Amino acid sequence: MDNLTHSLIGLAAAKAGLDKLSPATTSLCLLAANAPDADIIALLGGRWLYLQHHRGITHSIGGTVFFAIALPLLFYFGDRLLARFRKREPRIRLPGLLLASFLVSASHPLMDWTNNYGMRFLLPWSQRWFYGDLVFIIDPFLWMILGGATFLLMSNTKLQRGVWLLLAVATSFLVMFGTASRGGLSNALPLRIAWIAALVVLMVLFWQQKGERWGARIPIAALSIAGVYLAGLFIAHAIALRQTRAEATNIGSANGERIIQVAATPTLANPFRWVSLVETDRATYRFGLGLLDDSKKRSDLVRFEKPQGRAEVAVDEAARDGRAQVFLNFARFPVVNVAEANCTVQTLVQFADLRYTEPGRGRGMFSLEVPVDCPVEKSSE
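Residues numbered from 1 in each chain as written. Predicted model: local features only at pLDDT ≥ 70, side-chain atom pairs only at ≥ 80, totals over all residues. Heavy atoms only, no water.

Visitor: Hey, could you run me through the environment of T26 in this one?
Guide: Counting through the fold element by element, T26 comes out in helix α2 (residues 25-34). Spatially, the C-alpha atom of T26 lies 31 Å from that of M176, the residues being 150 residues apart in sequence. Excluding residues that lie within four positions of it along the chain, T26 makes contacts with L11, A14, K15, D19 and M154. (Helix = DSSP H or I, 4+ residues; strand = E, 2+ residues; numbered from the N terminus. Contact = heavy atoms within 4.5 Å.)

Visitor: Teacher, can you tell me more about the sheet that holds strand β7 (residues 367-373) here?
Guide: Hydrogen bonds between backbone groups are what pair the strands of a sheet, and the pairing can be parallel or antiparallel. Taken in spatial order, the three strands line up as β5-β6-β7 in an open sheet, and their pairing is antiparallel. With partners counted over all chains shown, the strands left at the sheet margins are β5 (334-338) and β7, one partner each. Between one strand axis and the next, the sheet turns through 20° on average, direction left out of account. Summarising the sheet, β5 and strand β6 (residues 346-353) pair through five bridges and their orientation is antiparallel. Within β6, the position partnered with V338 by the bridge is V349. Against the sheet, helix α11 (residues 310-318) makes contact with β5, β6 and β7, and its axis sits at roughly 75° relative to β6, the strand it touches most. (Pairing = 2+ DSSP bridges. Axes fitted to C-alpha atoms, helices over the stretch in contact; angles between N-to-C directions.)

Visitor: Explanation requested: the packing of aromatic side chains in the structure shown.
Guide: A ring pair, where both rings are aromatic, is described by two values, the distance of the centres and the angle of the planes. In the structure shown here, the tally under the stated rule is 17 aromatic pairs. The interplanar angle of 70° and the centroid separation of 6.4 Å between the aromatic rings of Y117 and F366 together place this pair among those described as edge-to-face. Here F366 lies in the loop between β6 and β7 and Y117 lies in the loop between α5 (94-113) and α6 (140-153), a separation of 249 residues in the sequence. F366 carries the same exposure label as Y117, and that label is buried. Between F151 and F206, the aromatic rings sit 5.4 Å apart at their centres with planes inclined by 35°, giving tilted as the arrangement. On the criterion of sequence distance, the pair formed by F151 in helix α6 and F206 in helix α8 (residues 189-207) is long-range, its members being 55 residues apart. These aromatic residues form a ring-pair network of at least three members: Y117, W129, Y131, F330, Y356 and F366. We note R332 situated over the ring of Y131; from NZ or CZ to the ring centre the distance is 3.8 Å. (Phe/Tyr/Trp six-rings, centres within 6.5 Å; stacked < 30°, edge-to-face > 60°. Buried < 20%, exposed > 50% of the residue type's maximum accessible area, 1.4 Å probe, protein only. Lys NZ or Arg CZ within 6 Å of the ring centre and 35° of its normal.)

Visitor: How should I be thinking about empty space enclosed by the protein in this particular structure?
Guide: One water molecule sets the probe size; rolling that probe over the atoms shows where empty space is left. In this structure the tally under the stated criterion is one cavity of 30 Å³ or more. One number sums up the size of the largest cavity: a volume of about 70 Å³. Considering the residues around the largest cavity, the lining is formed by L134, V135, F136, D139, Y229, L233, P266, T267, A269, N270, P271 and W274. Residue composition of the lining of the largest cavity, grouped by class: nine nonpolar, two polar and one charged. (1 Å grid on protein atoms, 1.4 Å probe; cavity = no way out; pocket = protein on both sides within 12 Å on 5 of 7 lines; lining within 4 Å. Points joined across faces, edges and corners; volume = space filled by probe spheres on them. Nonpolar A, V, L, I, M, F, W, Y, C, P; charged D, E, K, R; others polar.)

Dropping the structure here:
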């Protein structure tokens, strides 16, 4: 998930009652909700080092436990040093901070698991990826629910109101003018209407000072609504995955192919629209799936055949590249295109993860082009 969602979860949890456990709990919850993304430091080594380590050890069970313990200890000992310097009694209550830290720290890998990027919970013992496939990488509905709740309770000063104003402008710009089509949202009008309506309701509640009157009941309700929303997405995904498996069976039967794996992945702000992926022993497919589509027909079907002959030799050579090894370890549905298998000097092998893009279309870390010498046909012996 994006860091805005992580931050809002941390703040909502704090205002739902965790902030009563100890002074500085709200600050701790904000940090704990984002701490696993400390792996962003890997960007200093380039995008492939980042791809290799993102959603890695800092997001694992061990990494989560480390942050859940380390952050409260930093707050605790920092408070004791400050108390000695200012000649006052320490204020931090370590047991309360630890409880809040464990609860909020666990939310980060759990929410990251819900999207289709994947998680490696078992590092360093296992490199296995786990996928929830429930929520798109950003979800404006979660912004509405959690952001609205925390805004009503944390907009008492001019500085706080200024921060919320900037955040509202930035997120509204993304919702109103962002490239929604990249997330598979063909019609952004319902989302935009809901967004504007939510902003109006929030302003009315703010002027009526409902935050002061309702207090912790607001974030408790918001977290409950978010939980119900995620449960609804879980059900929608189960339906989409069942339909994807049925379509995969039809594809396999029609083409004489054996199914290896299938997935139904979410789209932006539309629980009724999913992207289905199917890998067989000979090809990889992607198509759109509408849960409310009466025709139940596949749309936008694309097929990438697995390389054979000279193309396979070129791919094997390109796969030895260090960047390709990192990419293939990450890619869930890797597809490949050899620009010119029957070349004379050199050709270009284009890798892509079909979850996000196609060969030759870019998309940063989700694709890779490796030049190799022209291949020689594999021996049939």
